[in-house]
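# What the coordinates show
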Amino acid sequence: FPSHDTIPKKSFFWFLFGISIALTAFFVFYFDMPEGQFAERFRVWLFTLSYVLKSNPILGLGIGSFAKLEPYTIQGNQTPIYWAWAHNEYLQWFFETGLIGMAFLIGFLKRIMVNFFTFIKDEYTQILFASVLSVGLVSVLHFPFHVGKFSALCIFLIALYCARIEEMKCRS
């Protein structure tokens, strides 16, 4: 088995990135779509976007306001499904914090990307970035920051990445 020194770092990053995409696609196609939840999510996403744009797109409606709104969709058996989360962290963040909150989030994500490309040759930065990227991709279809056991892990991974970047800045 080759040592980690013989595997090109760029290839390792793209391998981890590919695995992240493949796992996300696997979940969507084999769990979400067959049960019909994917179409329901689009309805909730459209409702969420139109509601915040009509009410307060600059400031949003406040942290926790999405769950209080209790949007729902109707199942095939005419039973309502209430949505406590938008199943898209970015859209829910926009709903709750508006354009101002989105500006902060975009700035944070941009900083993560810039720092990654600044220290792309560092193996640990690559691994931690792949982990943070996985969280970011999962956040498009789910709500990892709204589930306790996952939010702690997600925040921990982001903190590890930020700590590694600070360490790399001190070294250079």
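Described in the following lines is the structure provided in the data block. Remember, it's a predicted structure, so these values are computed and weren't measured experimentally. (Residues numbered from 1 in each chain as written. Predicted model: local features only at pLDDT ≥ 70, side-chain atom pairs only at ≥ 80, totals over all residues. Heavy atoms only, no water.)

### Let's talk about the layout of surface pockets
Roughly 700 Å³ of volume is contained in the largest pocket. In terms of lining, the largest pocket is formed by 29 residues, of which the most central are Tyr-90, Leu-105, Leu-109, Phe-145 and Ile-158. Those elements that provide at least two residues to the lining of the largest pocket are α1 (9-32), α4 (89-118), α5 (123-141) and α6 (148-171). Considering every element that reaches the lining of the largest pocket, the biggest residue donor is α4, with twelve residues. Broken down by class, the residue content of the lining of the largest pocket amounts to 22 nonpolar, four polar and three charged. (1 Å grid on protein atoms, 1.4 Å probe; cavity = no way out; pocket = protein on both sides within 12 Å on 5 of 7 lines; lining within 4 Å. Points joined across faces, edges and corners; volume = space filled by probe spheres on them. Helix = DSSP H or I, 4+ residues; strand = E, 2+ residues; numbered from the N terminus. Nonpolar A, V, L, I, M, F, W, Y, C, P; charged D, E, K, R; others polar.)

### Some thoughts on the pattern of salt bridges
Inspection of every chain in the model, using the stated rule, returns five salt bridges. Put simply, Arg-164 and Glu-167 hold a salt bridge, and the shortest N to O gap is 3.3 Å. Here the residue Arg-164 and the residue Glu-167 both occupy positions in helix α6, the gap between them amounting to three residues, near one helical turn. Note on Glu-167: relative accessible area 34%, which makes it partly exposed. A salt bridge links Glu-167 to Arg-171; its shortest N-O distance comes to 2.7 Å. Taken as a pair, Glu-167 and Arg-171 lie in helix α6 at a separation of four residues, close to a single helical turn. Three or more residues are tied together by salt bridges with common partners; here these are Asp-122, Arg-164, Glu-167 and Arg-171. (Salt bridge = Lys/Arg side-chain N within 4 Å of Asp/Glu carboxyl O. Buried < 20%, exposed > 50% of the residue type's maximum accessible area, 1.4 Å probe, protein only.)

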